[in-house]
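If you want the building blocks of each chain, they are given just below.
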Amino acid sequence: MAELFSDEYFMRIALNEAANAYDRDEIPVGAVIVSNNKIIAKAHNLTETLIDVTAHAEMQAITSAANYLGGKYLQNCTLYVTLEPCVMCGGALYWSQISRVVYGASDPKRGFKAKIGELHPKTEVVSGLLEDECGEIMKSFFQKKR
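Residues numbered from 1 in each chain as written. Predicted model: local features only at pLDDT ≥ 70, side-chain atom pairs only at ≥ 80, totals over all residues. Heavy atoms only, no water.

- As recorded by an unreviewed UniProt entry, the protein carries the name tRNA-specific adenosine deaminase and is attributed to Faecalibacter macacae.
- For the record of the protein, the UniProt heading Subunit (unreviewed entry) holds the text "Homodimer."
- Entered under Sequence similarities (unreviewed entry) in the UniProt record, the comment concerning the protein runs "Belongs to the cytidine and deoxycytidylate deaminase family. ADAT2 subfamily." (UniProt positions renumbered as here; feature names shortened; annotations may be inferred.)

This is the structure we're talking about:
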């Protein structure tokens, strides 16, 4: 019988992805998409590397998961992401019909909640998982930049 992993377990993997972004001098956001308790996509921000403003961790993960599943809808999937998705990523998550989004740190200025309020009506949103750790990597990154 397969072992069931917790939300915290998957968020820690997303934090590892954020650390990968940090090491590449990218804004440290990491994302993991899970289906049936199995990771089907892992990603981190690549906006500097790819010179592409749309290369957010969530966008990379959505594309990877859709390719893995062979379809554009991410029903019965959960996205774990270290920072509240922005409006662009929120729109992509809406259209993907993802079942669940779990994020760590809130982004009151650029997050989807401040701008559009909610995602797809069938999408469950959980906020604040490992919020301190997710927020700390962002603070550390921007302090290093100053």
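Structure's up, so let's keep going.
1. Points about the packing of aromatic side chains
Right, on to step 1. One pass over the structure, following the stated rule, counts 8 aromatic pairs.
Right, on to step 2. On the basis of an interplanar angle of 80° and a centroid distance of 5.2 Å, the ring pair of Y94 and W95 is categorised as edge-to-face.
Right, on to step 3. Here Y94 falls in the partly exposed class, since its relative accessible area comes to 33%.
Right, on to step 4. Pairing F141 with F142 gives two aromatic rings, centres 5.1 Å apart and planes at 85°, and the pair type is edge-to-face.
Right, on to step 5. Given the relative accessible area of 2%, F141 is considered buried.
Right, on to step 6. Sitting over the ring of Y22, K144 keeps its end group 4.4 Å from the ring centre. (Phe/Tyr/Trp six-rings, centres within 6.5 Å; stacked < 30°, edge-to-face > 60°. Buried < 20%, exposed > 50% of the residue type's maximum accessible area, 1.4 Å probe, protein only. Lys NZ or Arg CZ within 6 Å of the ring centre and 35° of its normal.)

2. Examining the side chain of T47
Right, on to step 1. Summarising the element assignment, T47 is placed in the loop between β2 (38-44) and α2 (57-69).
Right, on to step 2. The exposure class assigned to T47 is buried, which follows from its relative accessible area of 16%.
Right, on to step 3. Setting aside residues up to four positions removed in sequence, T47 forms contacts with E26, D52, V53, A55 and H56. (Helix = DSSP H or I, 4+ residues; strand = E, 2+ residues; numbered from the N terminus. Contact = heavy atoms within 4.5 Å.)

3. Quick look at the pattern of salt bridges
Right, on to step 1. One pass over the structure, following the stated rule, counts 6 salt bridges.
Right, on to step 2. Among the salt bridges present, the one from R12 reaches E8, with a minimum N-O distance of 3.1 Å. Of this pair, R12 and E8 are both found in helix α1 (residues 7-23), 4 residues apart, which corresponds to roughly one turn of the helix.
Right, on to step 3. Residue classification places E8 among the partly exposed positions, given a relative accessible area of 37%.
Right, on to step 4. Residues joined in a network through salt bridges with shared partners are D7, R100 and E124. (Salt bridge = Lys/Arg side-chain N within 4 Å of Asp/Glu carboxyl O.)

4. Let's talk about the UniProt feature "binding site: Zn(2+)" (unreviewed entry) in the protein
Right, on to step 1. Here the UniProt feature "binding site: Zn(2+)" (unreviewed entry) sits at H56, C86 and C89. Taken along the chain, the residues just named run across 34 residues; in space they keep tight, none of their C-alpha pairs more than 9.2 Å apart.
Right, on to step 2. Here C86 shows up in the loop between β3 (77-83) and α3 (87-96).
Right, on to step 3. Examined against the element boundaries, C89 turns out to sit in helix α3.
Right, on to step 4. On the accessibility criterion, C89 (0% relative accessible area) is buried.
Right, on to step 5. Residues in contact with C89, not counting those within four places in the same chain, are H56, E58 and M59.

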